[in-house]
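# Reading the structure
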Amino acid sequence: MKLKILVVAGDGIGPEVTGEAVAVLREVAELGGHEFTFSERRIGGVAIVQDGTPLPADTLNEALASDAVLLGAVGGNEFNSLPPDKRPEAGLLQIRAALGGFANLRPAFAFKELTVNSPLKPEITDGADIMFVRELLGGLYFGKPREWNRATGEAWNTMRYTRDEVARVARVAFQLAQGRRKKVTSVDKANVLEVSQLWRATVTEVASEFPDVTLEHQYVDAMSMHLMNQPRNYDVVVTENLFGDILSDEAAVITGSLGMLPSATVGGKVDLYEPVHGSAPDIAGKGLANPLGAILTGAMILRLTAKLEAESEAIRTAVRKVLEQGYRTPDLARGNAQGFQVLSTREMGAKVRETVKSLLVNA
Ligand code: NAD
Ligand code: IPM
Ligand code: MN
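Once that is clear, we can look at the packing of helix 8 (residues 220-229) against helix 9 (residues 241-255). Interaxial distance between helix 8 and helix 9 falls to 9 Å at its minimum, and their mutual angle equals 15 degrees. The angle between the axes of helix 8 and helix 9 places the two elements in the roughly parallel class. For the pair helix 8 and helix 9, the sense of crossing is right-handed. Listed contacts from helix 9 to Val-220, Met-223, Ser-224, Leu-227 and Met-228 of helix 8 are Phe-243, Leu-247, Glu-250, Val-253 and Ile-254.

The next point concerns the nonpolar core. With 69 residues, the main nonpolar core has Val-133, Phe-174, Leu-292, Val-319 and Val-352 as its most contacted residues. If you count residues domain by domain, this core takes at least three from each of domain 1 (1-108 + 256-363) and domain 2 (119-255). The residues touching Val-352, leaving out its near neighbours within four places in the chain, are Val-24, Leu-292, Ile-295, Ala-318, Val-319 and Val-322. Ala-110, Ala-128, Met-223 and Val-237 belong to the second largest nonpolar core, which has 20 residues in total.

Ordered in space as 2-1-3-12-11-4-5-10-8-9, the 10 strands form an open sheet in which the pairing is mixed. Among the strands making up the open sheet, the edge pair consists of strand 2 (35-40) and strand 9 (214-219). If you compare each strand with its neighbour and ignore which way they point, the axes differ by 25 degrees on average. In the sheet, strand 4 (residues 103-109) pairs with strand 11 (residues 264-266) via 3 bridges, with the strands oriented antiparallel. Note on strand 11: the bridge partner recorded for Ala-103 is Val-266. In the packing of helix 3 (residues 57-64) onto the sheet, contacts are made with strand 1 (2-10), strand 2 and strand 3 (68-73), and the angle to strand 1 comes to roughly 150 degrees.

Parameters at a glance
Residues numbered from 1 in each chain as written. Chains lettered and ligands numbered in written order. Predicted model: local features only at pLDDT ≥ 70, side-chain atom pairs only at ≥ 80, totals over all residues. Heavy atoms only, no water. Axes fitted to C-alpha atoms, helices over the stretch in contact; angles between N-to-C directions. Helix = DSSP H or I, 4+ residues; strand = E, 2+ residues; numbered from the N terminus. Parallel < 35°, antiparallel > 145°, perpendicular 65-115°, else oblique. Left-handed = near helix turned anticlockwise from the far one by under 90°. Contact = heavy atoms within 4.5 Å. Core = buried A, V, L, I, M, F, W, Y, C linked by side-chain atoms within 4.5 Å. Buried < 20%, exposed > 50% of the residue type's maximum accessible area, 1.4 Å probe, protein only. Domains from an automatic or database assignment. Pairing = 2+ DSSP bridges.

Have a look at this one:
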């Protein structure tokens, strides 16, 4: 099959981790006789420096002409004093809005062998497998008015949702649950916020279209605790933009590292794929970054856009096998390095590639 992928690697560890994801995808294409083409464009801080804007028109045009966009990460400390609309992060929000995907799928699952790295006990995390569905185009990120009025010393943002925006992302969550353990947990703050009351009422209405799926509601504060106490209790978790941002980073504790989490954004013109982590300026350029989140993001491209389920599964299996063999990037070796072989970003990418190859050749 043919697949045109735009890689917008961005800043910090973005180029390091997307490089490994692309190498794995190239391997899969070669072995299966598929024609994957990759183009590259700038976004974020690197685009501000070279093009004067965090999302150059050429990048967006190329994205709209592709089957999938793989984004690394944006952001850097040197941009921290800029206002939100001038920062690298603005480029990310602009490309999300322009591509139109509203449902950001962030799976978090505990590979058994990783629990030694998590501060949570293995009996709490083993078998945890959660699909976060984060609404990506509404809420505080995009609501108006928004302003910092320096004269009066006030600032405000607006958490706004329409009924239709809630209903469409809820439907994605229920449909996913139908193919999983048939449970949806909707997270809101309906005890305080009108927008959350609209959210809860709408999700409850949509639930009636899916009688085979159980719906429960949780307040976001309680949910952030339950997630650590009983992660196995959750199947699909649907929530608004900011709550989903926060809860999915929290879920990294279950998986062992933020560097493990992939994501896919669907429902728009072109699907957008990004690891959940950021540009990690503290480790950028040192070969310390965990590329597995980006590599697993590549597996999501194969499953959701390319519909190459066997190849997608081979990547996930390869990641599990490499971890079983004791290979770790430094973030996964913390606290208990015994018996582990610690690898650089590139070495870890190469191990996964080798393993994917042996899985697909012997399939
Ligand atoms: P971050 O996700 O970049 O890093 C948080 C911590 O996790 C750091 O200690 C980092 O070293 C570690 N980490 C993250 N990814 C890792 C990986 N693959 N391997 C090993 N360790 C990893 O979050 P932050 O430090 O709060 O933000 C840094 C910059 O990234 C900011 O400018 C922020 O806005 C941006 N950001 C961008 C995205 C994105 O582009 N999708 C996402 C989150 C944050
Ligand atoms: C993420 C990031 C982004 C978000 C930022 C960088 C705009 O934290 O993808 O999780 O908040 O959505
Ligand atoms: Mn985030």
